[in-house]
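Overview (structure and organization)
If you want the building blocks of each chain, they are given just below.
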Amino acid sequence: MNERREFLKGAIVFFPAAGVLAALAREVAGREAPAKDAGAKDAPKPYTPADHFYGMGIEIDKCIGCNLCAVACKAENRVPDEPFYFRTWVERYTIMRDGEVIVENISLGPQKETMADAREVVRTFFVPKLCNQCQNPPCVQVCPVNATFTTPDGAVIVDETRCIGCRYCIQACPYGARYLHPATRTADKCTFCYQRIVKGLQPACVEVCPTQARIFGDLKSRASRLVRFKRMNKIHVLKPQLNTEPKVYYAQLDGEVR
Amino acid sequence: MRIPEQVHRLAIVLAIVIGGTLLTRFVIIPRSLVSTELHWAQTTQREATRPLKFAGSTACQDCHEDVAAKKAKSFHRVLACEGCHTPSIKHAEDPSAAKPTVLRERKLCATCHAYDPSRPTGFPQINVTAHNPLKACVTCHNPHDPVPPKVPKECAACHAQIERAKAVSSHALLTCTTCHKAPERHKTAPRTALPSKPDSRDFCGACHGQGAAGAPKEAPKVDLSTHGARNLCWECHYPHLPEGRS
């Protein structure tokens, strides 16, 4: 009987000790956990991410290829100036009579004269590109350290303190929308200008677009311009066969665009 | 039955190990490291509180009512102020702290209006090298309300083609009567009273000759004695659309 007493004694000491530890842990966590709506202090009503689900519409026929979106994006998000780091960029598509499709990133700077090509051009137009903020994002699936994830309001973002810079996600993205930031050595990408949208502002690229070729909106709000845009136009997404379920919707998208 | 001493000790060691593990797991390791939910919440929060650069489309109108009102009715109504004036949140918060840039160069307008075959048809485009090549766009177009300037219709009623050519030339700002003395009757019975036409190299030389007194500063100068010396100026330059540079 002695041993049972011993055991009970041990248990009496152990379980309360575990309880105290758990309480301590919760207390520490409470100190670390950000108040869910701290950003709402200065805003009139608190921002609740779960009430929103954002996407973007792009109307190809309106894009004039002025590149202001790519420039504004770099300014707003401190993307390096070197002309090969982009969160958003604009491509020029030129479709030749013989079927060849020439794609050129005009955001890379002064363009070379592809137009001097003697062959007959059938069509030529601009296609703005950015992260498609997929609902089924391959980049998130491959991250070995859970550093990238989708916010409740539908933006795929990266935790730069946790990212180990392994580039899996950059490889996995079928749209080439990620790059390795040369200063932090971590993956960087479009966040829909998260700092702006939580304050009710438009992403910088949408802000500066002179022809409203880009439309930003909330898919959960039936009155949003994006929902109307989706209703009024025949919508395509890039690489639908990959089943990534992009939330960047293109109108008047040509079949040649990849 | 008596528990052997070894088992007793083992139990203590085990308790310490378990306790230590629990302590490390719940107290020493910050929760953000183990709780995915918490670490995501923190990242989201960090993204949400990044500093802004663009003040946004509604930030300028309170202080710049006149510009905003004019722009709102113009062809440029959709353009963001900060698209042309660069991101200006610092200025909007405190106008004396920072000034937005004001670009008056032609390249600002050319980013959108230079002819480009990939641009949608119908978007107003110009040939930048031919459309008044020597002047800033803003001398003729108000950037906040860029209607093409009214060209005086007087002579254009009958000489529309010349008028149009001149309107986009470097002589755009010269009136017809600078170079042609037109009698009033020319407008009613044109053939009975023809206007004068320049008849000598010196006429153009008054503005373009090197060292000519009172010549406009912006008119490029040539040496009259050597420049195309044996010909009249308009044998080489069409006076209504003079080209001197390519």
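Residues numbered from 1 in each chain as written. Chains lettered and ligands numbered in written order. Predicted model: local features only at pLDDT ≥ 70, side-chain atom pairs only at ≥ 80, totals over all residues. Heavy atoms only, no water.

1. Considerations on the overall build of chain A
- Tallying secondary structure elements over chain A gives seven helices and eleven strands in all.
- Considering only contacts within chain A whose residues lie at least 6 apart along the sequence, 60% involve residues at least 24 apart.
- As displayed, chain A has an accessible area near 13000 Å², and 56% of this comes from carbon and sulfur atoms. (Helix = DSSP H or I, 4+ residues; strand = E, 2+ residues; numbered from the N terminus. Contact = heavy atoms within 4.5 Å. Areas by Shrake-Rupley, 256 points an atom, 1.4 Å probe, with all protein chains shown as cover.)

2. Topic: the overall build of chain B
- Across its full length, chain B holds twelve helices and zero strands.
- Its helices and strands in sequence order give chain B the pattern α-α-α-α-α-α-α-α-α-α-α-α, from N to C terminus.
- Across its three principal axes, chain B shows a C-alpha extent of roughly 140 × 40 × 40 Å.
- Partitioning the contacts of chain B with sequence separation of at least 6, the portion at a separation of at least 24 is 46%.

3. Quick word on the environment of P182(A)
Residue and element names in this part refer to chain A.
- Locating P182 in the fold gives a position in the loop between β7 (179-180) and β8 (187-188).
- Residue classification places P182 among the partly exposed positions, given a relative accessible area of 34%.
- A C-alpha to C-alpha distance of 9.1 Å links P182 and Y85, two positions 97 residues apart in sequence.
- Setting aside residues no more than four positions away along its own chain, P182 makes contact with P80 and Y85. (Buried < 20%, exposed > 50% of the residue type's maximum accessible area, 1.4 Å probe, protein only.)

4. Some words on the packing of aromatic side chains
Residues and elements named next belong to chain A.
- Per the stated rule, a full pass over the model turns up six aromatic pairs over all chains.
- Relative to F216, the ring of Y54 lies with its centre 5.1 Å away and its plane at 20°, an arrangement referred to as stacked. In this pair, Y54 is assigned in strand β1 (residues 54-59) and F216 in strand β9 (residues 214-218), connecting sequence segments 162 residues apart.
- Residue class for Y54 comes out buried when judged on its relative accessible area of 8%.
- The class of F216 is buried, set by a relative accessible area of 9%. (Phe/Tyr/Trp six-rings, centres within 6.5 Å; stacked < 30°, edge-to-face > 60°.)

5. Quick word on the nonpolar core
All names here are of chain A.
- Counting residues in each nonpolar core, the largest one holds 39 residues, and the members touching the most others are M56, F192 and Y250.
- Of all the elements in the fold, those that place two or more residues in this core are β1, β2 (88-96), β4 (121-130), α5 (194-197), α6 (204-208) and β11 (248-251).
- For this core, the element with the highest residue contribution is β4, accounting for four residues.
- Every residue in contact with M56, bar those within four places of it in the chain, is listed here: L130, F192, P203, C205, V206, R214, I215, F216, L226, K247, V248 and Y249.
- The next biggest cluster of nonpolar side chains, apart from the first, holds nine residues, and it includes I64, A72, A204 and V208. (Core = buried A, V, L, I, M, F, W, Y, C linked by side-chain atoms within 4.5 Å.)

6. Some points on the sheet that holds β9(A)
All names here are of chain A.
- Spatial strand order, β9-β1-β11-β10: four strands in an open sheet with mixed pairing. The two strands at the open ends of the sheet, each matched to only one other strand, are β9 and β10 (235-236).
- In this structure, β10 lies alongside β11, joined through two bridges in antiparallel fashion. Residue pairing for β11: I235 is matched across the bridge by A251. (Pairing = 2+ DSSP bridges.)

7. A word on the confidence of the model for chain A
Residues and elements named next belong to chain A.
- For chain A, per-residue confidence averages 84 on the pLDDT scale, and residues scoring 70 or more make up 79% of the total.
- Of all the helices and strands in chain A, helix α1 (residues 2-32) carries the lowest mean pLDDT, 55, while β1 carries the highest, 96.
- Note that residues 29-41 has pLDDT below 50 and, in this model, 19 contacts with residues that lie over four places away or in other chains. (pLDDT = per-residue confidence, 0-100.)

8. Here's the deal with the interface of chain A and chain B
- Contact residues are listed per partner, giving 54 residues for chain A and 46 residues for chain B.
- A combined buried area of about 4300 Å² lies between chain A and chain B, and 62% of that area is made up of carbon and sulfur atoms.
- Joining chain A to chain B, the criterion identifies three salt bridges.
- A salt bridge links E160(A) to R50(B), with the shortest nitrogen-to-oxygen separation between them at 3.5 Å.
- The tally of links between chain A and chain B comes to 14 residue pairs in polar contact (both at pLDDT 80 or more).
- Of all the secondary-structure elements, those providing two or more residues to the side of chain A that touches chain B are α1, α2 (68-77), β4, β6 (156-158), α5 and α6 of chain A.
- In terms of residues, the side of chain A that touches chain B owes the most to one element, α1(A), which gives eight residues. (Buried area = accessible area lost by both parts, 1.4 Å probe. Salt bridge = Lys/Arg side-chain N within 4 Å of Asp/Glu carboxyl O. Polar contact = N/O pair within 3.5 Å; in protein donor to acceptor, adjacent residues only side chain to side chain.)

9. Notes on the sheet that holds β4(A)
Residues and elements named next belong to chain A.
- Judged by pairing direction, the sheet is antiparallel, and its three strands sit side by side in the order β3-β2-β4 without closing on themselves. One side of each edge strand has no neighbouring strand; the edge strands of this open sheet are β3 (101-105) and β4. Averaged over all neighbouring strand pairs, the angle between strand axes comes to 20°, with direction disregarded.
- Sheet topology note: the β2/β3 ladder contains five bridges and is antiparallel. In the sheet register, T94 faces β3, and the bridge partner there is I102. (Axes fitted to C-alpha atoms, helices over the stretch in contact; angles between N-to-C directions.)

10. Notes on the confidence of the model for chain B
Residue and element names in this part refer to chain B.
- Across chain B, the average pLDDT comes to 87, with 96% of residues at or above 70.
- Mean pLDDT values over the elements of chain B span from 70, in helix α2 (residues 31-34), up to 94, in helix α5 (residues 81-85).
- For this predicted complex, the interface score ipTM comes out at 0.75, alongside a pTM of 0.73.

11. Examining the pairing of β1(A)
Residue and element names in this part refer to chain A.
- Counting buried positions over the six residues of β1 gives six, a clear majority of the element.
- Here β1 pairs with β9 via five bridges, running antiparallel. From the neighbouring strand, G57 faces β9, where its bridge partner is I215.
- Pairing of β1 with β11, which is carried by four bridges, proceeds in the parallel orientation. Note on β11: the bridge partner recorded for G57 is Y249.

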